[in-house]
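Take a look at the letters that make up each chain.
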Amino acid sequence: MQSANTSPTLPPIEAFHVGTHTDMRGQKFTFTRDEMVAMCAAYDPVLFAAPMVIGHPDHAAPAVGWLGKLAVNDDGVVVATDHDAVHPEFAAL
């Protein structure tokens, strides 16, 4: 991965929200705030950096950057910050 200081700066990205979601197969799953806080605390981009892709849920899409940090805000939204190796054209969007 590129050094973070060479990547274009992106604002925080709202990535997920607490509540009930339906997956690609139609199954419903409920995620609590506590579960999302634990997930964000466990995320370590040194172990595995999650790719940012356009066209979710196309998991084979090329990465346009890599998630740095995840946190849950006061509204129950998972926010991604401190991205790395962000593609300049993506940042311009």
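Residues numbered from 1 in each chain as written. Predicted model: local features only at pLDDT ≥ 70, side-chain atom pairs only at ≥ 80, totals over all residues. Heavy atoms only, no water.

**Brief notes about the sheet that holds strand β7 (residues 77-81)**
- Strand order in this open sheet of three strands is β1-β7-β6, and the pairing throughout is antiparallel. The outermost strands of the open sheet, each flanked by one partner alone, are β1 (13-17) and β6 (69-72). Adjacent strand axes in the sheet meet at a mean angle of 30 degrees when their direction is disregarded.
- Bridge count between β6 and β7: four bridges; the pairing is antiparallel. In the sheet register, lysine 69 faces β7, and the bridge partner there is threonine 81.
- Its contacts with the sheet put helix α1 (residues 33-42) on β1, β6 and β7, and the angle it makes with β6 is roughly 160 degrees. (Pairing = 2+ DSSP bridges. Helix = DSSP H or I, 4+ residues; strand = E, 2+ residues; numbered from the N terminus. Axes fitted to C-alpha atoms, helices over the stretch in contact; angles between N-to-C directions. Contact = heavy atoms within 4.5 Å.)

**Observations concerning the environment of valine 78**
- Its location among the elements puts valine 78 in strand β7.
- Since its relative accessible area comes to 2%, valine 78 is described here as buried. (Buried < 20%, exposed > 50% of the residue type's maximum accessible area, 1.4 Å probe, protein only.)

**Section: unusual backbone geometry**
- Residue aspartate 82 is not a glycine yet carries a positive backbone phi of 55 degrees.
- Mapped onto the elements of the fold, aspartate 82 is located in the loop between β7 and α2 (88-92).
- Here alanine 85, not a glycine, exhibits a phi torsion of approximately 50 degrees, which is positive.
- Relative to the elements of secondary structure, alanine 85 occurs in the loop between β7 and α2.

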